[in-house]
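# Summary of structural features
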Amino acid sequence: MSPDKRTVVIKAEGVSKRFGTVQAVDQVDYQLYENEVAGILGSNGAGKTTFFNLLTGYYLPDEGRILYQGQDVTRMTPQQRVSLGMMRSFQLTSTFDNLSVIDNLVLAFFRAHKSASLWQLLINTCRKHRKDEKILATLASFDLERVADRLVKHLGLGEKRRMEIAMEILAEPKVLLLDEPLAGLAESEIKGVLDILRQQVGKQTILIVEHKISHVQDFLQRLIVMHEGRIIAEGGYECLQNPEVRKSYWQIDDSASESASASADAGEVS
Amino acid sequence: MNALKWWWGILLAFALLGVSRTFLPLPFMNEVVIFSIYAMGCNFLIGRVGYISFGQPAYLAFGAYACAFYLFYFGTNPLVGIMVGVLGGLVVSLVIGPLFVRLRSDYFAMVNLALAVIVFYLTQKVLVDITKGDNGLWFMTRITSTPGLDLTIPGQFFIFALIVALAVCAFYKYLDDSIYGACCLATKINENKLQFLGYDNFSIRLLAFVIANTTTALAGAMYAVYLGFVSPEMASPSRAADPVIVTLLGGVGTLFGPIVGAIAYTGMKDVISKLIGNWELFIGFLLVFIMLVADQGIWGTLAPLLEKLLWRRKATLPVATKR
Ligand SMILES: Nc1ncnc2c1ncn2[C@@H]1O[C@H](COP(=O)(O)OP(=O)(O)O)[C@@H](O)[C@H]1O
Ligand SMILES: [Mg+2]
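These numbers were taken from a predicted model, which means no experiment stands behind them.

Below, the discussion takes up the coordination of the magnesium ion (ligand 2). Residues and elements named next belong to chain A. Ligation of the magnesium ion (ligand 2) by protein atoms is provided by Thr 49 (OG1) and Gln 91 (OE1), these donors lying 2.0 to 2.2 Å from the ion. Of the two residues, Thr 49 sits in helix 1 (residues 48-56) while Gln 91 sits in the loop between strand 6 (86-88) and helix 3 (101-113), which places them 42 residues apart along the sequence. Here Gln 91 falls in the buried class, since its relative accessible area comes to 14%.

This is the structure in structure tokens:
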């Protein structure tokens, strides 16, 4: 099965985005295939988040088009893209801190499975949906049962991250777009999140932005490396050995791969 | 179980209000109950959606004047008058809402204040022909008795107002528990996330605006019927902070905050104005003091204490029975 024969879910055609004098994303062409697990790597400021924001409709591109299953979605609102099956997370965890964990999940679940018309929102109570089997099962598999009734603002970062991903998975989108879902987590927590994501492989298309390659070692099926707004390498893990990547991403000209991953690990999320 | 507890709580609160009527003056109680309804709308806006408005008198006046126009020029039935007032508030907030709810919270507060100023001058100066300016519209004698509860008798009006307030309170309790209520809290702190879950922030906010200000108009119409007259004083920008103060005093975002706040504020006003000349200044200081000591408001501070008390009693019960 060669990649080219697979169905393209999201396609970016020459998209660019500029902030003042910074060309954050520069003429990027990209294709995301159905049910693959793809990654976007690159150092801080490479333009990963901006590219992500263009795909999900947070920003309008200065030029270029975004296609979703062949349909031009460049000018669609985020809500419209959600209805089509795209769901994203934010680099800095974005949750409803003044609601309980379970109510965060209820909101994610409700929109995906009922309509979001005001009338439906009014005639349904949270209490009823807190007992929904799917939500309870998700709580269990994300190890969030103990904190289910706690307000999100009282959670630790690891629990918050897990909950955010739980929200996205509950909404059952066709495409799951995660912006640095592992940033700021302890090693043990990273393993937990990856285990959860592994269960989704094959069921959903997953695109992960990550700047520490060691986090997602063995997990990605295909990756691209971004640098200064452009894609500088594409393919399997072997493309990380490409000289340009070694220079811009690992910041080394010639050295063992051991110290390479160490230097990549040193950088933290902005 | 929990649900039952809450509904019983509402009934208990209103039973207490009803009983208070036997030892507190009737005008005070009527004032408190109507003010509670007024503050409930404001409390929903601030506590649930995060919108502070310094223009609530405008919506109060829309309800009051709509009701007054009906009772002064057209009909005599106070119940119909109140319905006209509510309808007036509904229509106005549907027209104004789409413009206002796009604004950020701080601009929202000011633009509402501007609206109150506009409404004040409209009723006082511009529309003198129909509002009679500062003289106000007097229709006490035109109001006819209604079968069942006679709204022209203050004692029976109180029972009516109590029932209306109970209905509004129960309605807001239901809203709090609905998915919509959760969406309101969500849009208050993280509209981006809500949008990327596929919800429409605008319509959620618009509905909150309409619900809150229709409630305010209802309070206005009830004032009109209770007092038997309306004047521009109702929309006076100098009273613009009143419902916000009552909401903060009672406890923002709590169910009974508006009632507790209305009792405290009206009570302070009544008692202190009899004792001291410059009572408004004194109340100002008192408010600052209360806010500093209990920044959760009176009910926001008391409720957890009460809960702890009740909970402890319950927790000790089983132990006691085992012995
Ligand atoms: N909202 C913004 N306004 C101005 N500049 C921005 C904005 N977002 C990103 N940038 C700039 O665009 C470049 C790419 O940023 P970003 O996409 O966040 O990179 P990454 O996610 O790869 O770390 C950076 O130089 C950053 O400063
Ligand atoms: Mg980023």
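Read on, since the account is not over.
Take the domain arrangement of chain A next. Residue and element names in this part refer to chain A. Looking at chain A, the domain boundaries give domain 1 (3-92 + 172-238) and domain 2 (93-170). On the side of domain 2, 16 residues touch domain 1, which itself brings 22 residues to the contact. Both sides of the domain 1 and domain 2 interface together cover about 1,500 Å² of buried area, and 59% of this is carbon and sulfur. Broken down residue by residue, the surface that domain 1 buries against domain 2 is led by Leu 92, Glu 172 and Ile 196, which jointly contribute 34%. Put simply, domain 1 and domain 2 have one salt bridge between them. For Glu 172, the salt bridge goes to Lys 134, with nearest N and O atoms at 3.1 Å.

Once that is clear, we can look at the site of ligand 1. Residues and elements named next belong to chain A. Close to ligand 1 lie Phe 19, Val 22, Ala 24, Ser 43, Asn 44, Gly 45, Ala 46, Gly 47, Lys 48, Thr 49, Thr 50 and Tyr 59. For ligand 1, an oxygen atom lies 3.2 Å from a polar atom in the backbone of Ala 46. One of the side-chain N or O atoms of Tyr 59 is found 3.1 Å from a nitrogen atom in ligand 1. With the chains in place, 64% of the 550 Å² that ligand 1 exposes on its own is no longer accessible. Those elements that provide at least two residues to the shell around ligand 1 are strand 2 (22-33) and helix 1. Taken together, the residues that form the shell around ligand 1 break down as five nonpolar, six polar and one charged.

Definitions and limits used
- Residues numbered from 1 in each chain as written.
- Chains lettered and ligands numbered in written order.
- Predicted model: local features only at pLDDT ≥ 70, side-chain atom pairs only at ≥ 80, totals over all residues.
- Heavy atoms only, no water.
- Donors = N, O, S within 2.8 Å, 3.2 Å for Na, K, Ca; no water.
- Helix = DSSP H or I, 4+ residues; strand = E, 2+ residues; numbered from the N terminus.
- Buried < 20%, exposed > 50% of the residue type's maximum accessible area, 1.4 Å probe, protein only.
- Domains from an automatic or database assignment.
- Contact = heavy atoms within 4.5 Å.
- Buried area = accessible area lost by both parts, 1.4 Å probe.
- Salt bridge = Lys/Arg side-chain N within 4 Å of Asp/Glu carboxyl O.
- Near = heavy atom within 4 Å.
- Polar contact = N/O pair within 3.5 Å; in protein donor to acceptor, adjacent residues only side chain to side chain.
- Areas by Shrake-Rupley, 256 points an atom, 1.4 Å probe, with all protein chains shown as cover.
- Nonpolar A, V, L, I, M, F, W, Y, C, P; charged D, E, K, R; others polar.

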